[in-house]
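Residue-level structural notes
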Amino acid sequence: MFPERIETDRLVLERFCEENVDLFEFYRVCSDADGVEEMAEVTRYMPWDPHVTVDESKEFVDRCEDQWEEGEAATYAIRPRKGEAGAGQFAGAGGLHLDWERRTARLGTWLRKRFWGRGYSGERAAALIEIAFERLDLEVVAVTHHVDNEKSRRAIEKYVESHGGRCEGRLRNWVPYGEEVADEYRYTITQEEYRAATG
């Protein structure tokens, strides 16, 4: 149902599974075991914390594999292509979470801090939006961000607007973040808007 590998101008997205992601490298990154990843900053506006054990990382990988097999989500490891700084390195993860009854896909992503500011979020989003509409024939692609996450807001606004979508508004008391429940902003793109914007 989902492509195992996607290539964009600057990125390679590979199915997030034990075959494609080294569990111990993933744990090292997500736990900030070497003290250079700044994962506390990466996860500041994410509904998860840096990993404490290898088991946490394995549970994430296993969950991605199960969701893929069940057709519930397609999660990809993101790697820069040859010619990009850090080519071939694990840069983060991104994917589509499917709600088949609503014919909607929800985008999600995170990147290691060293890969911020390169436009990778938008490039990854464009590839996944195309899959949602062209391959899966869904009606809506949605994405949210924490109300205080300005970096995500700027990136999301840019790629949503370029695909014809818009901000739907603020969802109050919407997602648990640690001990608090935070507001988020929600953006959507319909298939009709996508086709009008992309030709």
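Conventions and cut-offs
- Within every chain, residues take consecutive numbers counted from 1 along the sequence as written.
- Given that the model is predicted, a residue must reach a pLDDT of at least 70 before its local features are reported, and side-chain atom pairs must reach 80 or more before they are shown or counted; all residues, however, enter totals for whole chains, interfaces and linings.
- With hydrogens and water excluded, all non-hydrogen atoms of the structure serve as input to the side-chain values.
- By definition, any uninterrupted DSSP run of H or I lasting at least four residues is a helix, any uninterrupted run of E lasting at least two residues is a strand, and each is numbered from the N terminus.
- With the radius of gyration taken over C-alpha atoms, the globule rule is written as 2.2 Å times the number of residues to the power 0.38.
- For each residue, the accessible area found with a 1.4 Å probe, counting protein chains only, is set against the maximum for its type, and the residue is called buried under 20%, exposed over 50%, and partly exposed in between.
- Residues are treated as being in contact if the distance between any of their heavy atoms lies within 4.5 Å.
- Only strands joined by at least two bridges in the DSSP assignment are considered to pair.
- Counted as salt bridges are all cases of a side-chain nitrogen of Lys or Arg within 4 Å of a carboxyl oxygen of Asp or Glu.
- For a helix, the expected span equals 1.5 Å multiplied by the number of residues minus one.
- The arc in question is formed by the directions pointing from the helix axis toward the C-beta atoms.

What follows concerns the overall build of the protein. Each helix and strand in the protein was counted, giving six helices and eight strands. Helices (α) and strands (β) of the protein occur, in sequence order from the N terminus, as β-β-α-α-α-β-β-β-α-β-α-β-β-α. Taking 199 residues into account, the globule formula puts the C-alpha radius of gyration at 16 Å, and the protein, at 16 Å, falls close to it. Principal-axis analysis of the C-alpha atoms gives the protein an extent of 45 × 35 × 35 Å.

Tracing the chain through its elements places Arg-81 in the loop between strand E3 (73-80) and strand E4 (92-99). Judged by relative accessible area, which is 29%, Arg-81 ranks as partly exposed. Sequence-wise, Arg-81 and Arg-10 are 71 residues apart; in three dimensions their C-alpha atoms are separated by 5.2 Å. Contacts of Arg-81, omitting those with residues within four sequence positions, involve Glu-7, Thr-8, Asp-9, Arg-10, Leu-11, Val-12 and Ala-87.

For the rest of this paragraph, the subject is the pairing of E3. In terms of burial, E3 is largely enclosed, as eight of its eight residues are buried. Across five bridges, strand E2 (residues 11-15) lies against E3 in antiparallel orientation. Residue pairing in the sheet places Glu-14 in a bridge with Ala-77 of E3. Across six bridges, the pairing between E3 and E4 is antiparallel. By the bridge assignment, Thr-75 is partnered in E4 with Gly-95.

Per the stated rule, a full pass over the model turns up 23 salt bridges. Notably, a salt bridge pairs Asp-99 with Arg-102, separated by 2.8 Å at the nearest N-O pair. You can call Asp-99 partly exposed: its relative accessible area is 25%. Residues joined in a network through salt bridges with shared partners are Arg-5, Glu-7, Glu-14, Arg-79 and Arg-81.

The next subject is helix H5 (residues 150-162). Taking 1.5 Å of rise per residue, the 13 residues of H5 would be expected to cover 18 Å, and the 18 Å separating its terminal C-alpha atoms lies within 8% of that figure. Residues Ile-156, Tyr-159 and Val-160 constitute the buried set of H5. The arc that holds the buried residues of H5, viewed along the axis, is 100°, so those residues lie on one side. Exposed positions of H5 whose direction lies more than 90 degrees from the buried face are Lys-151, Lys-158 and Glu-161.

Attention now goes to helix H3 (residues 54-70). When the terminal C-alpha atoms of H3 are compared, their 24 Å separation across 17 residues agrees well with the 24 Å that a helix rising 1.5 Å per residue should span. Residues of H3 that are buried: Ser-57, Val-61, Cys-64, Gln-67 and Trp-68. Buried residues along H3 cover an arc of 130° about the axis, so they all sit on one side. In H3, the exposed positions angled more than 90 degrees off the buried face are occupied by Asp-55, Glu-59, Asp-66, Glu-69 and Glu-70. Summarising the contacts, the buried residues of H3 are in contact with E2, helix H1 (23-31), E3 and E4. Backbone geometry just after H3 places Gly-71 at a positive phi near 75°.

Function cannot be read off these values alone, since they describe shape.
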